[in-house]
Amino acid sequence: MGLLRSALPFVGAVAAAYGVLSAWVFFTQRAQIYFPTPASEAPGAQALWVESQGERIKVWSVTRPGGRALLYFGGNAEDVAANVALFTEAFPDRSLYLVNYRGYGGSSGRPSEAGLVADALAVFDHAQARHPQVAVMGRSLGSGVALQLAAARPVDRVVLVTAYDSLVNVAREYFRWLPVGLLLRDRYESARHAPAVSAPALVVIAGEDEIIPRERSEALAAAFAPGQAQVVVVPGLGHNTLDLSPRYLQYVAAFLSAPPQVE
């Protein structure tokens, strides 16, 4: 009994520390998910402004003749302007729309899952009014945005790069001792939305991804209907070094230019 009494203060201190840490994670979570980039320049592209829920979303656009377009949603700390030259060369038959999330790259507002998805829908609607075939591509955080867009709109194709089945499941890999399922507000439950996607999907996995465990990407691919999602692995490269392989965009370009599937 005496031993129990002497242990109570220690148990109480541990419980209090656990509560404080959980509260800190809850109240700072968006600062740990989103890392807005400053406004930048994008030689070869024009700035397009799209209104969404009272915010002005800045989109880098490269206009091409024809009815095909590609929307791109980047990672949580990515300046999408850095992709303009690469994408212009890799996808010569599509107009390009590279989206600066709200709070990023000159767009107004503060990022959140609901806000980013709303902005994606607005940009898609703008693009589809000009291009009947609109494919969407999302990398890392952006894969969750692209997936929800593809579940809600008739996209031509969807490309998911270094993607995950659920941000909650990814967070559990890093915070195994915290109840992240209860704490996380922006959950990006991609696997839950995958069955609502009717377009062909490509899941690109970095062979040495140190941020998104491979099983999380594979779980997302498995959430699609059988045969709907094609999976390619780019060996030897990590989460942020995928661009170093020319095969990365070659895989994407081949997928986007493939003839429509015959059911």
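Sequence order as written defines residue numbering, which begins from 1 separately in each chain. Selection of residues for local features in this predicted model requires a pLDDT of at least 70, selection of side-chain atom pairs for listing and counting requires 80 or more, and totals for whole chains, interfaces and linings are taken over all residues. The basis for the side-chain values is all heavy atoms of the structure; hydrogens and waters are excluded.

Could you clarify how one ought to interpret the overall build of the chain in this entry?
Check the secondary structure of the chain and you find 9 helices and 8 strands. Once local pairs closer than 6 in sequence are excluded, the contacts in the chain between residues at least 24 apart make up 74%. In the structure as shown, the chain presents an accessible area of about 12,200 Å², 60% of it carried by carbon and sulfur atoms. Working definition: helices are DSSP H or I runs of at least four residues, strands are E runs of at least two. Numbering for both runs from the N terminus. Whether two residues are in contact is decided by their heavy atoms: any pair within 4.5 Å suffices. Areas reported as accessible are Shrake-Rupley estimates using a 1.4 Å probe. Residue values count occlusion only from the protein chains shown.

Before we go on, may I ask you to explain the sheet that holds strand β1 (residues 46–52) in this structure?
Paired through their backbone hydrogen bonds, the strands of a sheet run either parallel or antiparallel. Being paired, for any two strands, means DSSP has found at least two bridges between them. The 8 strands are arranged β1-β2-β4-β3-β5-β6-β7-β8 in an open sheet whose pairing can be described as mixed. Both outer strands of the open sheet, β1 and β8 (229–234), are each paired with one neighbouring strand and no more. Averaged over all neighbouring strand pairs, the angle between strand axes comes to 20°, with direction disregarded. To obtain each axis, a line is fitted to C-alpha atoms, and for helices this fit is confined to the stretch in contact; angles are then taken between N-to-C directions over 0 to 180 degrees. Along the sheet, helix α3 (residues 113–128) contacts β1, β2 (55–62), β3 (68–73), β4 (95–99) and β5 (133–139); its crossing angle with β1, the most-contacted strand, is approximately 120°. In the packing of helix α9 (residues 246–257) onto the sheet, the strands contacted are β3, β5, β6 (158–161), β7 (201–206) and β8, and the crossing angle to β7 comes to about 175°.

Please explain the packing of aromatic side chains as it appears in this structure.
Given two aromatic rings, one states the distance between the centres and the angle between the planes to describe the pair. Only the six-membered ring of Trp is used, alongside the rings of Phe and Tyr, when aromatic pairs are assigned; centres must lie within 6.5 Å, and planes under 30 degrees apart are stacked while those over 60 apart are edge-to-face, with the rest tilted. One pass over the structure, following the stated rule, counts 3 aromatic pairs. Ring centres 5.4 Å apart and planes at 65° place the aromatic pair Phe87 and Phe91 in the edge-to-face group. Between the aromatic rings of Tyr101 and Tyr104, the centroid separation amounts to 5.4 Å while the plane-to-plane angle is 90°, which identifies the pairing as edge-to-face. The exposure class assigned to Tyr101 is buried, which follows from its relative accessible area of 5%. In textbook terms, an aromatic cluster arises when at least three aromatic residues are bridged by ring pairs, as seen for Tyr72, Phe87 and Phe91. The positively charged end of Arg56 is found above the aromatic ring belonging to Trp49, 4.3 Å away from the centroid. Charge-over-ring contacts are defined here by two conditions on Lys NZ or Arg CZ: a distance within 6 Å of the ring centre and an angle within 35 degrees of the ring normal. It is Arg157 that lies over the ring of Phe255; its NZ or CZ is 5.2 Å from the centre. Under the scheme applied here, a residue whose accessible area is under 20% of the maximum for its type counts as buried, over 50% as exposed, and between as partly exposed, the area being computed with a 1.4 Å probe on protein chains only.

How do you make sense of the environment of Leu237 when you look at a structure like this?
By secondary structure assignment, the location of Leu237 is in the loop between β8 and α9. On the basis of relative accessible area, Leu237 is assigned to the buried category, the value being 14%. Considered as a pair, Leu237 and Asp209 are 28 residues apart in the sequence and their alpha carbons are 6.9 Å apart. Leu237 has contacts with Ala206, Gly207, Glu208, Asp209, Leu242, Leu244 and Ser245, leaving out every residue within four places of it along the chain.

Even after reading the chapter, I still don't get the side chain of Asp119, so can you show me in this structure?
Its location among the elements puts Asp119 in helix α3. With a relative accessible area of 2%, Asp119 lands in the buried category. Identification of polar contacts relies on pairs of N or O atoms within 3.5 Å, with a donor-acceptor requirement for protein atoms, meaning one able to donate a hydrogen and the other able to accept it, and with residues adjacent in sequence counted only if both atoms are side-chain atoms. In this structure the side chain of Asp119 is engaged in a polar contact, spanning 2.7 Å, whose partner is the side chain of Arg102.

Looking at this structure, how should I read unusual backbone geometry?
As a rule of thumb, non-glycine residues mostly have phi less than zero, and peptide bonds are mostly trans rather than cis. The backbone of Thr162 shows a phi angle near 40°, a positive value even though the residue is not glycine. The topology assignment puts Thr162 in the loop between β6 and α5 (167–174). The phi angle at Tyr188 is positive, at roughly 45°, despite the residue not being glycine. Inspection of the secondary structure puts Tyr188 in the loop between α6 (180–183) and α7 (190–193). For Tyr188, a relative accessible area of 0% gives the class buried.

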